[in-house]
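# Structural features, examined
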Amino acid sequence: CASLTHVTLPDDAQLTTIGKNAFFQCEKLASISIPKNVTTIGKNAFYGCEKLASITIPNSVTAIADGVFAGCKALTTVTLSEGLQTIGKNAFLDCAALASISIPNSVTAIGDFAFQGCTALKDVTVAWETPLQPNSDAFKQLPLDKIRLHVPEGKIGAYKAANVWRDFIVMADR
């Protein structure tokens, strides 16, 4: 896939899975559309797609497997939809251009090192009424005291008391 730059999968495609290593190190891949029928994105599916700049995960996807977007250095925009439950280990490892992420309320697990190396990360938005307890390594090696965590109004105290989240700059989202 050395010369692959764009992939358009029709929204009515009967595709339900993007398999393990499907676009592994397709370094020139800049865009892909994921059809609404996809429920699973396999391990390392987009690993090393260095030119991939944005991705929208449809609400049919319940899990982002381990390493799916690891090494996507140009990834600046990620849209995670309600329905997503799990963000796997190393899912966004070394996505150095990712400046913000909104984690849907439906997410119940965030894997180890999921956002490690996301050195541009400045804003994380969450909507859980009760703070999710991610693994302490989910945001490893990031200056959490310089990253704004946007939480539901009236929940600042809960997040300031919660492991991992208390290390962020916690503020209410309006």
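Please refer to the structure higher up on the page.
Cut-offs used in this document
- Residues numbered from 1 in each chain as written.
- Predicted model: local features only at pLDDT ≥ 70, side-chain atom pairs only at ≥ 80, totals over all residues.
- Heavy atoms only, no water.
- Core = buried A, V, L, I, M, F, W, Y, C linked by side-chain atoms within 4.5 Å.
- Buried < 20%, exposed > 50% of the residue type's maximum accessible area, 1.4 Å probe, protein only.
- Helix = DSSP H or I, 4+ residues; strand = E, 2+ residues; numbered from the N terminus.
- Contact = heavy atoms within 4.5 Å.
- Salt bridge = Lys/Arg side-chain N within 4 Å of Asp/Glu carboxyl O.
- Disulfide = S-S within 2.5 Å.
- Phe/Tyr/Trp six-rings, centres within 6.5 Å; stacked < 30°, edge-to-face > 60°.

Here the focus is the nonpolar core. Formed by 54 residues in total, the largest nonpolar core has its most connected members in Phe-46, Phe-69, Ile-87, Phe-92, Phe-115 and Phe-139. Secondary-structure elements contributing two or more residues to this core are β5 (54-57), β7 (77-80), β9 (100-103), β11 (123-126) and β12 (148-152). Discounting chain neighbours no more than four positions away, the residues touching Phe-92 are Ile-64, Phe-69, Leu-75, Val-78, Leu-80, Ile-87, Ala-114, Phe-115, Gln-116 and Cys-118.

Let us now look at the pattern of salt bridges. One pass over the structure, following the stated rule, counts four salt bridges. A salt bridge links Asp-137 to Lys-140, with the shortest nitrogen-to-oxygen separation between them at 3.8 Å. Using a relative accessible area of 22% as the deciding quantity, one classes Asp-137 as partly exposed. Note that Lys-146 and Asp-145 form a salt bridge whose closest N and O atoms lie 4.0 Å from each other. Considered together, Lys-146 and Asp-145 belong to a single accessibility category, that of exposed residues.

Take the state of the cysteines next. Enumeration according to the criterion identifies one disulfide in this entry. In this model Cys-1 forms its disulfide with Cys-26; the gap between the sulfur atoms is 1.9 Å. Here the S-S torsion is close to -110°, and the disulfide linking Cys-1 with Cys-26 is therefore left-handed. Note that Cys-1 is positioned in the segment before β1 (6-8) and Cys-26 in the loop between β2 (17-18) and β3 (31-33), a separation of 25 residues in sequence. Between Cys-118, a cysteine without a disulfide, and Cys-95, which holds the nearest cysteine sulfur, the sulfur-to-sulfur distance is 5.1 Å.

Moving on: the packing of aromatic side chains. According to the stated counting rule, one finds 11 aromatic pairs in the structure shown. With a centroid separation of 5.4 Å and an interplanar angle of 5°, the aromatic rings of Phe-23 and Phe-46 are classed as stacked. One end of the pair, Phe-23, is in the loop between β2 and β3; the other, Phe-46, is in the loop between β4 (40-41) and β5, with 23 residues separating them in the sequence. Feature note: the residues Phe-23, Phe-46, Phe-69, Phe-92, Phe-115, Trp-128, Phe-139, Tyr-159, Trp-165 and Phe-168 constitute an aromatic cluster, connected by ring pairs.

Coordinates in, geometry out; function isn't part of it.
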